[in-house]
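Listed below are the residues making up each chain.
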Amino acid sequence: MSCYRSAKLQNMDWNDLRYFLAVAREGSTLAAGRSLRVSQTTVARRISALEEALGLRLFEKLQAGYALTLEGERLLERAAAVEAAATHFSDAAAAEAREAKGTVRLSTEEIFSVTLLAPLLRELRELHPEITIDLEASVEVRDLASGEIDVALRSISTDPASGVVGRRLCEDNWAFYCSTDYAHRNGVPKTIRELKRHSLIGGGGGNLWRAYSAFLDKIGAADLVAMHQASSTGLLTAVRAGLGIAVLPCMIAEDDPELVRCLPPNREHKRSMWVLTHERVRHSPRVRVVTDFLYDRLKKRVQKLGLAP
């Protein structure tokens, strides 16, 4: 096949096969136009375009109507197969859409629930009103295998457990941040030594505070903690209020106009953010809709912020 003909085939309008089949079945462009609810001129034009794209004559124009050529006869069965495949695809897609409904149980930490997921779930609701999200914001990691939840946005330090599947978003980096007001009043520390001249906010709850406090001990800054917050959302609220400096997830804080990053993130943690589900439910239409939506939107955010993949 010549390059010229190959290029034409690439630009072929597959919708023209509908016109080919209609003329073959009805015997004329007039009757085909009636069955397709278009004009006879449109049918004749689409047949000509198809013949040009294929480089073949598909019909003989007789006084009594249109008759298939030998080439047209040979292609008729294949065109019908394309039509059947398209119909099957359409029916399957409609079935998927009908099944993509029900409740999806989603779990993440409170800080991600409040800052990241709230606006995204509004958009998800607008796109898929038939799906109900049961959102749990907790520092506890729920068991995907047992069916406690369907989808999780979580930070993990190893590969997903057996049976758990998902897609990695980025490194889960946290860094020290202060508010713009605090920076104006007290300056912005750029080194650990400078950080030790400022008030720190501790806490965050669960594994976060264990890792956070261990890091403060390592750099000799544990005694600089002026107040504790019970949750990571409390850390964010206290920092925004200008009470001091605390670690916050870069995924949230990096583009917050109220916050200023003080030091580069500590990359020794080797943790990554994932959108996770379980093999048992991964092919459920409603779960797939939610996981695909969250990954797509969050990945775009990660890329916009330039966070490490």
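Bear in mind the structure is a predicted one, so any value in this text is a computation, not a measurement.

Mind showing me how you'd approach the pairing of strand β10 (residues 246-249) here?
Along any regular strand, the residues point their side chains to alternate faces of the sheet. Neither face of β10 is left uncovered, since the one carrying A246 and L248 and the one carrying V247 and P249 both have all their residues buried. With 4 bridges joining them, strand β7 (residues 174-179) and β10 adopt antiparallel strand pairing. Note on β10: the bridge partner recorded for F176 is V247.

Got a minute to help me understand helix α4 (residues 40-54) in this structure?
Residue pairs spaced three or four apart in an α-helix point in one direction, given the helix's 3.6 residues per turn. In this model α4 runs 21 Å from its N-terminal to its C-terminal C-alpha over 15 residues, within 8% of the 21 Å that 1.5 Å per residue would give. Among all positions in α4, only T42, V43, R46, I47, L50, E51, A53 and L54 are buried. The buried residues of α4 occupy one face: seen down the axis, they fall within an arc of 165°. Turned more than 90 degrees away from the buried face of α4, the exposed residues are T41 and E52. Positive phi shows up at G55, right after α4, with a value of about 75°.

What's the story with the packing of aromatic side chains in this structure? I'm lost.
One pass over the structure, following the stated rule, counts 5 aromatic pairs. If you follow R18 out to its NZ or CZ, it ends over the ring of Y19, 5.7 Å from the centre.

Help me understand the environment of L124 in this model?
With respect to the helices and strands, the residue L124 is situated in helix α6 (residues 110-127). Taking C-alpha positions, L124 is 8.8 Å from L294, a pair spaced 170 residues apart along the chain. The residues contacting L124, other than those within four sequence positions of it, are I133, V289, V290 and F293.

What's the story with the side chain of T108 in this structure? I'm lost.
Structurally, the position occupied by T108 is in strand β3 (residues 102-108). Given a relative accessible area of 0%, T108 falls into the buried group. If sequence neighbours within four positions are ignored, T108 has contacts with S113, L117, E136, A137, S138, L153 and R154.

Hey, could you run me through the sheet that holds strand β6 (residues 164-171) in this one?
Backbone-to-backbone hydrogen bonds join strands into a sheet, with any given pair of strands oriented parallel or antiparallel. Taken in spatial order, the 5 strands line up as β4-β3-β5-β12-β6 in an open sheet, and their pairing is mixed. Here the strands that pair on one side only, and so sit at the sheet edges, are β4 (131-137) and β6. Each strand of the sheet is rotated relative to its neighbour by a mean of 25°, with strand direction disregarded. Here β6 pairs with strand β12 (residues 272-278) via 7 bridges, running antiparallel. Across the sheet, C170 pairs through a bridge with M273, a residue of β12. Together, β3, β4, β5 (151-156) and β12 form the strand contacts of α6, whose direction differs from that of β4 by roughly 175°. The strands touched by helix α12 (residues 285-305) are β3, β4, β5, β6 and β12; relative to β6, the strand with the most contacts, the crossing angle is about 15°.

What should I look at first to understand the layout of surface pockets in this one?
The rolling of a water-molecule-sized probe over the atoms marks out the regions of remaining empty space. Within this model, the largest pocket holds a volume of roughly 970 Å³. As for the largest pocket, its lining consists of 40 residues, of which S155, D172, N207, A211 and R271 are closest to the centre. Examining the composition of the lining of the largest pocket, we find that 8 residues originate from one element, helix α9 (residues 206-219), more than from any other. Broken down by class, the residue content of the lining of the largest pocket amounts to 23 nonpolar, 8 polar and 9 charged. Approximately 220 Å³ is the volume attributed to the second largest pocket. Lining the second largest pocket are 12 residues, and of these M12, W14, L17, L54 and L75 lie nearest its centre. At the level of elements, α2 (16-26), α4 and α5 (70-99) are the ones that each hand at least two residues to the lining of the second largest pocket. Counting residues per element, the lining of the second largest pocket draws most heavily on α5, at 4 residues. A breakdown of the residues in the lining of the second largest pocket according to their chemical character gives 11 nonpolar, no polar and 1 charged.

The rules behind each value
- Counting from 1, residues in each chain are numbered in the order their sequence is written.
- The predicted nature of this model means local features are confined to residues of pLDDT at least 70 and side-chain atom pairs, given and counted, to a pLDDT of 80 or more, with totals for whole chains, interfaces and linings taken over all residues.
- With hydrogens and water set aside, each side-chain value is computed from the structure's full complement of heavy atoms.
- Only protein chains enter the accessibility calculation, which uses a 1.4 Å probe. A residue is then buried if its area is under 20% of the maximum for its type, exposed if over 50%, and partly exposed in between.
- The secondary structure listing takes helices from DSSP runs of H or I that are at least 4 residues long and strands from runs of E that are at least 2 residues long, numbered from the N terminus.
- Between any two strands, at least two bridges found by DSSP are needed for them to pair.
- For a helix, the expected span equals 1.5 Å multiplied by the number of residues minus one.
- Each C-beta atom gives one direction from the helix axis, and the arc is the one those directions make.
- When two rings of Phe, Tyr or Trp (its six-membered ring) have centres within 6.5 Å they constitute a pair, described as stacked for plane angles under 30 degrees, edge-to-face for angles over 60, and tilted for the intermediate range.
- Criterion for a charge above a ring: Lys NZ or Arg CZ within 6 Å of the ring centre, and within 35 degrees of the ring normal.
- Any pair of residues with heavy atoms lying within 4.5 Å of one another is described as a contacting pair.
- Fitted lines through C-alpha atoms give the axes, limited to the stretch in contact for helices. The angle between two N-to-C directions lies from 0 to 180 degrees.
- Cavity: a set of points on a 1 Å grid over the protein atoms alone where a 1.4 Å probe fits but cannot get out. Pocket: an open set with protein on both sides within 12 Å along at least five of seven lines, its lining residues, like those of a cavity, having an atom within 4 Å of a point.
- Grid points are joined across faces, edges and corners, and a volume is the space filled by probe spheres set on the points.
- Three residue categories are used. Nonpolar comprises Ala, Val, Leu, Ile, Met, Phe, Trp, Tyr, Cys and Pro, charged comprises Asp, Glu, Lys and Arg, and polar comprises the others, including Gly.

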